[in-house]
Protein chains: 4
Amino acid sequence: MNAAITGVTGYAGMQLYALLQEHPEVETINVYQHDLDDAIPLVDLNPRLNLPHPQLAYPYDSQEIMANNDLIFLATPAGVAINLAEPFLKAHFPVIDLSGDFRLKDPAEYEKWYHLSPAKEADLQNAYYGLADIYENPGASYIANPGCYATATLLGLAPAVMGDLIDPDSIVVDAKSGLSGAGKSLSSSSHFSRSNENLQIYKANQHKHIPEILAELSKWNPKVQHLQFMTTLVPIDRGIMATIYAKVKPGIDEMAILNYYHDLYDEDPFVQICDDYLPDIKSVIGTNNCKIGLTFNPVTGYLTIDSVIDNMLKGAAGQAIQNMNQLLNYPVTAGLELTALAF
Amino acid sequence: MNAAITGVTGYAGMQLYALLQEHPEVETINVYQHDLDDAIPLVDLNPRLNLPHPQLAYPYDSQEIMANNDLIFLATPAGVAINLAEPFLKAHFPVIDLSGDFRLKDPAEYEKWYHLSPAKEADLQNAYYGLADIYENPGASYIANPGCYATATLLGLAPAVMGDLIDPDSIVVDAKSGLSGAGKSLSSSSHFSRSNENLQIYKANQHKHIPEILAELSKWNPKVQHLQFMTTLVPIDRGIMATIYAKVKPGIDEMAILNYYHDLYDEDPFVQICDDYLPDIKSVIGTNNCKIGLTFNPVTGYLTIDSVIDNMLKGAAGQAIQNMNQLLNYPVTAGLELTALAF
Amino acid sequence: MNAAITGVTGYAGMQLYALLQEHPEVETINVYQHDLDDAIPLVDLNPRLNLPHPQLAYPYDSQEIMANNDLIFLATPAGVAINLAEPFLKAHFPVIDLSGDFRLKDPAEYEKWYHLSPAKEADLQNAYYGLADIYENPGASYIANPGCYATATLLGLAPAVMGDLIDPDSIVVDAKSGLSGAGKSLSSSSHFSRSNENLQIYKANQHKHIPEILAELSKWNPKVQHLQFMTTLVPIDRGIMATIYAKVKPGIDEMAILNYYHDLYDEDPFVQICDDYLPDIKSVIGTNNCKIGLTFNPVTGYLTIDSVIDNMLKGAAGQAIQNMNQLLNYPVTAGLELTALAF
Amino acid sequence: MNAAITGVTGYAGMQLYALLQEHPEVETINVYQHDLDDAIPLVDLNPRLNLPHPQLAYPYDSQEIMANNDLIFLATPAGVAINLAEPFLKAHFPVIDLSGDFRLKDPAEYEKWYHLSPAKEADLQNAYYGLADIYENPGASYIANPGCYATATLLGLAPAVMGDLIDPDSIVVDAKSGLSGAGKSLSSSSHFSRSNENLQIYKANQHKHIPEILAELSKWNPKVQHLQFMTTLVPIDRGIMATIYAKVKPGIDEMAILNYYHDLYDEDPFVQICDDYLPDIKSVIGTNNCKIGLTFNPVTGYLTIDSVIDNMLKGAAGQAIQNMNQLLNYPVTAGLELTALAF
């Protein structure tokens, strides 16, 4: 197959490119960029891609993209995919959109959280939220790849919320992310001298991933009506740890909880339940895995769920590949058998 | 005055020594160590102390200590102060104990959380829990200096709990600490290759500081009967951020909360309430300050309290100096006017 | 093929295991450990290997190893391979030894630098120094895989020394390494609180890699008789930068130097000459590449050579795979087409 | 005394402000900024200064500055002090200029290295290069405070060059700096995701500090005519390590070298010669000290000099205070008795 990408200068696009290079089903990767008038060497567009062989990047042209490729990945900043989506939607051409533009169904919600003009409601309805470890794609061609925080939080909460094991009013998520989650653009909070040796809470109660998390949780269990969710920048390159607290309902014991988690995930090659320890971030870096540890405190009645992912892989490019594999009926682990060195 | 220290090879003891060197009221610092048979140069005992001038470290001898000093700091590991305290308690000789040995009033609690033999109950009753920004020493000579996590958590929660502003059953503390909090001893979790680029939850629901936090909270408000408290190691040298979540009681508004916090702390030179932002760790490193930021989420009803300290200063040696200043009636900021560079 | 490993609890062994899992020619990886009496699940031996499927680790037995495998990797600490080598050497069974035990030809040299009893001189003579980007294996079955610092330094110096471009008396190597190079064992210099936010020079003029570097250099150009070589620990997980200084001989110009470097390496898929910039460490992390940048200072007459590698890959496990590929006539890049994300 | 500062939003200015707050001779610190039309609270100008008490920042006005202060610190970027200096020079009003604008005597040199218009030659001649551990101020009122790299390098080389102990043609300096040395302005090389877990050589053979180092070296020993000097960014907040290599002249032994170093520095409270080890960066962070370790390699004939400083203190604000103490005849260590915690 031939895969198209736009947005290969950003971190997620770079990671995606790297994964596609190793994917057994991918023959050619074609890069398209809006800011090009003519084809240029890809290495000139992004020297950090570390390409061994010369390859070109092309000006962006949706017709040419559809003519020469089987699928396109949009690894663009918020607000861009809205303007690119139309021709692909009309043609039912497969799109995997790593941005947040098509994750929310309600245009007003998008406007509220993103402070940008939303896509048309009909288009939003046609997009499919590709939380690949939970859902099977029902045949949609436009896939909104979930956010990194959303993935860690939703995978951590799914069995507890689906199984109605926890008090829906008691959920608190303290999520920590490495700096790559904040992207490549320059800002004082991502300056080394500010972020190193520091912890910074940011976007308190205002993070864009809150509505997409809540939309899924309330779909799984309508009793979940809100979510206390906070994000902290930690001085590491990659990785998210979502530490999730919730009160267990009376009558539910620890073993029952563990069983629910194993039932949902034991067939999934990418989610591991750690029975007797809380996983550290380093144990998933470089992989498409989500590791989940659980600990119940009988004194407080709280369950603590520790859900860790590599934000660039499971939280972005890895899950995008998972979605491509589903869409094109490739083996679920194709291109994702990543073995990482966890010191 | 002359100040004695034992435990000057550990991080807290080193930090204490550094502060005492600058303290305007301290004339001589005398170092005593159990493992010495004879006096040796202090620089040989601990080259990292960076001493400009030769000075001796002496064998430990309680009578000699009391004869030549006005006060002793015990910067010893858990279990050691229990064996040192007796002669000082009998003589009403001033002690500031940085360990956890005398923080809990109930010997059984100590045994449960520390897995060590406790001090005698009568001695525990005579020790005073020196949470210096909240309490005035009533004249006790044996001061149990609070734990680092306990300090950040208690200062963050005090106005909310004292003022009965929050649902006592809803408190969740997600506390993060730099590696110096884990001490100088070697372990796989503090090996650079394991702890760097990593987040590690540790001692889930079993951290020794839980009972001392709960003891104070329930003293302030008997409705607080338990506390969901979790600790995560973050790859920085110094600093604690306690992110505290609790549901605000109906009828309490954000302004009322802020007022409670200002009322309690506005006269305190070491605690700052940040009205409109959540402070980062770097803004307190190198100081004896605790900065507290507050944000209320009207959707979830949760208050988030962000309490940051330098674990080596406010969380250990700085608060020890505060306690010395109280005990010996020195100005409250003596030796603690630290100005730090917050990049 | 079936590959055996011993030493899979160390960093190099773990990295090797990860690479072998992806190697297209490797069918089975068998792990053998001396400290086992019976086979145990590999995941119990090393939970950090992150194995998806159950697999066993076996007690070490050289006959069984040779019966069931085509090659063995020894990823053992210094001094161990000396005791393991004999049966393999006798049987001409392929060995790739990642330790330093068989890198030096002279037993006295080994004793001097390693402070350990050396292997027999005859055995040392039979071992082959597998600097895979420079040499073709002439058929030796026992391969001494080069040291990490040696690899970065030798690849950086090879064209200059072979081409007699520099004053042999003027070579200064200032080499910096991440902490993984110091291994997994606990020590005060690898404690996070000591190594973070720090630079530490270590083993000044006494690093074990000095004699293996000098042996190759003087083979390439007998005028090189010594080498000023210094190592500094930097607070990163992985990577080596060897900054090499040497005076260019009169009459040699910059273009001539660049040509020598391109001539030697342009056919090599793993060594890249950066014509107009000095590469950073991050651009090679996660790959088996060595990037080399060159800058000539006409004022001082010094050439600066910046040679960067991932110490765990090109400097250990990656080069070991390269050596296996050579030995067993696999394609040179088999299992080493690693694409990394260079933020 | 009253001290004026301009440039208090940069790192060096912040550090200077912090030191002045603790200086026993300083009564008032007055802050002046060009971008102000009216006085504003200093905390609004720079919230990171962490000021306990309200204080104002004033519009910049040289007459008012001279009327109300005894001295001014210019902590401004390159090119700014040139436009501020004139009125102070005319009035012989004491200035300590932390920028590089008046360090070079030759306007053409300044233009070549700084790519900016130089100050007038007469003014340059009147400025005094304040390398405070080597020189006594002869009475100059305009002090050019040395650069951070220059300070570490010059203090490390002074005895060897003054004593003619080394081959002047063999000096190689491999200098490493933390990110604060690169300043507060945003750039891709100081973005956390680029600089963390990385080493980056920068400004190869073109660093602005080269000419000021060479000017001093050649003044001390005219045989020194050039200097191979390279700078590498390391992922730490603060600190410089200058690793200096030079061939020892025939007939000079290690003891003679050590004696030269002790002779020059033993009376200096801020420079320590480490007789038997090479100091790490952490041992000087938070202090105004320079630690120097020496090791001689009899095989290569090279002396390695390891010179470490805190770039913000000895390399900027600390040395500025030293220069103020000299100029105003305060005790040499006034305001600089800093005790740091070297984990």
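Source: prediction; values computed, not measured. (Residues numbered from 1 in each chain as written. Chains lettered and ligands numbered in written order. Predicted model: local features only at pLDDT ≥ 70, side-chain atom pairs only at ≥ 80, totals over all residues. Heavy atoms only, no water.)

*Asks:* Got a minute to help me understand the interface of chain D and chain A in this structure?
*Replies:* Think of interface size as the accessible area that goes away when the parts come together; that is how it is often given. Chain D puts 22 residues into the contact, and the matching count from chain A is 22 residues. Its largest share of buried area at the contact with chain A, chain D owes to L186, H191 and F192 of chain D, together 39% of the area lost on that side. Where chain D packs against chain A, one counts 0 salt bridges. For the pair chain D and chain A, the number of links is 8 residue pairs in polar contact (both at pLDDT 80 or more). With 4 residues, the top contributor of residues to the side of chain D that touches chain A is helix α8 (residues 192-195) of chain D. (Contact = heavy atoms within 4.5 Å. Buried area = accessible area lost by both parts, 1.4 Å probe. Salt bridge = Lys/Arg side-chain N within 4 Å of Asp/Glu carboxyl O. Polar contact = N/O pair within 3.5 Å; in protein donor to acceptor, adjacent residues only side chain to side chain. Helix = DSSP H or I, 4+ residues; strand = E, 2+ residues; numbered from the N terminus.)

*Asks:* What's the story with a negative patch on the surface in this structure? I'm lost.
*Replies:* A cluster of acidic residues, D263, D266, E267, D275 and D276 of chain A, forms a negative patch at the surface. Tracing the chain through its elements places E267 of chain A in the loop between α10 (254-265) and β13 (271-274). (Patch = residues over 30% accessible without salt bridge, like charges linked within 9 Å, V, L, I, M, F, W, Y side chains within 5 Å. Areas by Shrake-Rupley, 256 points an atom, 1.4 Å probe, with all protein chains shown as cover. Lys, Arg positive; Asp, Glu negative; His and termini not counted. Charge placed at Lys NZ, Arg CZ, Asp CG, Glu CD.)

*Asks:* So what exactly am I meant to see when it comes to the interface of chain B and chain A here?
*Replies:* Between chain B and chain A, the residue contacts involve 43 residues of the former and 43 residues of the latter. Regarding the contact of chain B and chain A, the summed buried area is about 3800 Å², with carbon and sulfur atoms giving 58% of it. The largest share of the area that chain B buries against chain A comes from E197, L199 and I201 of chain B, three residues that together contribute 17% of it. Summed over the shared surface of chain B and chain A, the number is 4 salt bridges. Linking K176 of chain B and D174 of chain A is a salt bridge whose minimum nitrogen-to-oxygen distance equals 3.0 Å. Where chain B touches chain A, the interface holds 30 residue pairs in polar contact (both at pLDDT 80 or more). At the level of elements, β9 (172-177), α8 (192-195), β10 (200-202), β11 (228-233), β12 (240-247), β14 (290-297) and β15 (302-309) of chain B are the ones that each hand at least two residues to the side of chain B that touches chain A. Per-class residue counts for the side of chain B that touches chain A are 18 nonpolar, 14 polar and 11 charged. (Nonpolar A, V, L, I, M, F, W, Y, C, P; charged D, E, K, R; others polar.)

*Asks:* How do you make sense of empty space enclosed by the protein when you look at a structure like this?
*Replies:* Which parts of space are left empty comes out when a probe the size of a water molecule is rolled across the atoms. According to the stated counting rule, one finds 1 cavity of 30 Å³ or more in the structure shown. Estimated volume of the largest cavity: approximately 80 Å³. Forming the boundary of the largest cavity are F192, N196, E197 and P235 of chain A, N196 and P235 of chain B, N196 and P235 of chain C together with N196, E197 and P235 of chain D. Looking at the lining of the largest cavity residue by residue, the classes come out as 5 nonpolar, 4 polar and 2 charged. (1 Å grid on protein atoms, 1.4 Å probe; cavity = no way out; pocket = protein on both sides within 12 Å on 5 of 7 lines; lining within 4 Å. Points joined across faces, edges and corners; volume = space filled by probe spheres on them.)

*Asks:* Just checking my understanding: could you explain the relation of the copies chain D and chain A for this structure?
*Replies:* Both copies of the chain are related by one operation, a rotation about an axis with a shift along it. Laying chain D over chain A is done by rotating through 180° and shifting 0.0 Å along the axis; what remains is an RMSD of 0.0 Å. The superposition operator between the copies reduces to a two-fold rotation axis. When the interface residues of chain D are mapped onto chain A, 100% of them again lie at the interface, so the same face is used by both copies. (Least-squares fit on C-alpha atoms with pLDDT ≥ 70 in both.)

*Asks:* Mind showing me how you'd approach the sheet that holds strand β3 (residues 40-41) of chain C here?
*Replies:* Hydrogen bonds along the backbone pair up the strands of a sheet, which may run parallel or antiparallel. Residues and elements named next belong to chain C. Strand order in the open sheet formed by 8 strands is β3-β4-β2-β1-β5-β6-β8-β7, with mixed pairing between adjacent strands. Strand pairing shows two members of the sheet lacking a second neighbour, β3 and β7 (128-129), which therefore form its edges. Both strand β5 (residues 71-74) and strand β6 (residues 95-97) contribute to a ladder of 3 bridges, which runs parallel. Bridging from a neighbouring strand, I72 pairs with V95 of β6. (Pairing = 2+ DSSP bridges.)

*Asks:* Explain the state of the cysteines to me, please; I cannot follow it from the model alone.
*Replies:* Note: disulfide means a covalent bond formed between the sulfur atoms of two cysteine side chains. The tally for this structure, following the rule as stated, stands at 0 disulfides over all chains. The closest cysteine sulfur to the non-disulfide-bonded C274 of chain B is located on C290 of chain B, 9.2 Å from its own sulfur. C148 of chain C takes part in no disulfide bond, and the closest cysteine sulfur, belonging to C290 of chain C, lies 13 Å away. (Disulfide = S-S within 2.5 Å.)

*Asks:* Would you mind showing me how to read the UniProt feature "active site" (unreviewed entry) in chain A here?
*Replies:* Residue and element names in this part refer to chain A. The feature "active site" (unreviewed entry), as annotated in UniProt, sits at C148 in this numbering. Locating C148 in the fold gives a position in helix α7 (residues 148-162). Beyond its immediate chain neighbours, meaning those up to four positions away, C148 contacts H209, I240, I309, N311 and G315. (UniProt positions renumbered as here; feature names shortened; annotations may be inferred.)

*Asks:* Quick question: what am I supposed to make of the domain arrangement of chain A here?
*Replies:* Residues and elements named next belong to chain A. Each assigned domain of chain A is listed with its residue range as follows: domain 1 (2-146 + 314-327) and domain 2 (149-310). The C-alpha centroid of domain 2 is placed 25 Å from the C-alpha centroid of domain 1. Tallying the contact residues gives 20 residues for domain 1 and 32 residues for domain 2. Carbon and sulfur atoms supply 60% of the area that domain 1 and domain 2 bury against each other, a total of about 2000 Å² over both sides. Of all residues in domain 1, Y11, W113 and K314 bury the most surface against domain 2, accounting for 33% of the area lost on that side. (Domains from an automatic or database assignment.)

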